[in-house]
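Examining the three-dimensional arrangement
Chain by chain, the residues:
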Amino acid sequence: MQPDPLNVIIRKLNTQRQETWRYEGRILSQEPDSILVEAFFNRPDLPFHGIVLRENDRYLERYYSNRWYNIFEIHDRDDDQLKGWYCNVTTPAEIVPGYISYVDLALDLLVFPDGGYLVLDQDEFDALNLDAHTRRHACQALDTLLFIAQSGWLGDAIDEHN
C-alpha cells in the first residue's frame, strides 16, 4: 500500500539540527514557496499565557521555504473556536515529500484573537550562538510578524492561497 501523499511529518529542530519535536499533519494546500498543514496538538493540556493548549486542539500551520517564520492558527478541539496564533521565528522550512523541517530560533510571537500579543523567549534567543546573518534575519522576521499581527492579517497569512 502506498503512503498517503497528503500526510506529512513535521520536525522541529534546534540550532544544532537535532530533532526536538515531531508530529504528523495533513497537507491542505501547497504553493511553490509555502505549505498549509492541519495538525492536532499531541501533548497533554498546557496552560500557556492565558490560554490552555489542549491535546487534540486543531492547528492550521503555514510554513514557508523563503521566509524566516511560520504561523500556527490554534482552534479549540471541542468547538473549533479561535484561540490565537503562535508564530515561530525559524530558518526557512525545508519542505520535501513526506516531511517539513525547520530550525527553531527561540523567538516566538503569541497573538490573541483580540489583537493583543506577547513576544516570547527573547532571553533564549539572545543566548543562542548565532552568526550575524541568521540573527539579522531572525530579528527582521519578528519585525515582519509584529507588523502582520498589528495589521490584523494573521488569518489572511494562513488563508493566503486557499
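In what follows, the accompanying structure is described. (Residues numbered from 1 in each chain as written. Predicted model: local features only at pLDDT ≥ 70, side-chain atom pairs only at ≥ 80, totals over all residues. Heavy atoms only, no water.)

1. Digging into helix α2 (residues 132-150)
Owing to its 3.6 residues per turn, the α-helix aligns residues three or four sequence positions apart on the same side. Its 19 residues place the ends of α2 27 Å apart at the C-alpha level, agreeing with the 27 Å of an ideal helix rising 1.5 Å per residue. If you check which residues of α2 are buried, you get T134, A138, A141, L142, L145, L146, I148 and A149. An end-on view of α2 places all buried positions within 165° of arc, on one side of the element. Summarising the geometry of α2, the exposed residues directed more than 90 degrees from the buried face are A132, D143 and Q150. Turning to α2, the residues buried within the fold contact β7 (69-75), β8 (82-90), β10 (99-111), β11 (117-120), α1 (122-127) and α3 (154-158). Where α2 begins, one side-chain oxygen reaches toward the backbone nitrogen of H133, 3.1 Å away; that side chain belongs to D131. G152 lies just past α2 and shows a positive phi near 75°. (Helix = DSSP H or I, 4+ residues; strand = E, 2+ residues; numbered from the N terminus. Expected span 1.5 Å × (residues − 1). Buried < 20%, exposed > 50% of the residue type's maximum accessible area, 1.4 Å probe, protein only. Arc of directions from axis to C-beta. Contact = heavy atoms within 4.5 Å. Polar contact = N/O pair within 3.5 Å; in protein donor to acceptor, adjacent residues only side chain to side chain.)

2. Notes on the pattern of salt bridges
Within this structure, the stated rule accounts for 12 salt bridges. K83 is the partner of D57 in a salt bridge, and the nearest nitrogen-oxygen pair spans 2.6 Å. In this pair, D57 sits in the loop between β5 (51-53) and β6 (58-64) while K83 sits in strand β8, placing the two residues 26 residues apart along the sequence. The exposure classification of D57 matches that of K83, with both residues buried. In this structure, R77 engages D78 in a salt bridge whose closest nitrogen and oxygen atoms are separated by 3.8 Å. (Salt bridge = Lys/Arg side-chain N within 4 Å of Asp/Glu carboxyl O.)

3. Regarding the side chain of N88
Relative to the helices and strands, N88 resides in strand β8. The exposure class of N88 is buried, given its relative accessible area of 4%. Here the side chain of N88 touches N70 through a polar contact of 2.7 Å, side chain to side chain. When neighbours within four sequence positions are excluded, N88 is seen to be in contact with W68, Y69, N70, F72, Y102, D104, L107 and D108.

4. Digging into the packing of aromatic side chains
Tallying each qualifying case throughout the model produces 9 aromatic pairs. Where Y63 meets Y102, the ring centres are 5.8 Å apart and the plane angle is 40°; that geometry is what we call tilted. Taken as a pair, Y63 in strand β6 and Y102 in strand β10 lie far apart in primary sequence, 39 residues in all. Exposure remark for Y102: the relative accessible area of 4% places this residue in the buried category. When the ring of F147 is compared with that of W153, the centres are 5.4 Å apart and the planes differ by 75°; the resulting orientation is edge-to-face. A residue is classified by how much of its surface remains accessible, and F147, at 48% relative accessible area, is partly exposed. These aromatic residues form a ring-pair network of at least three members: W21, Y23, F41, Y59, Y63, F72 and Y102. (Phe/Tyr/Trp six-rings, centres within 6.5 Å; stacked < 30°, edge-to-face > 60°.)

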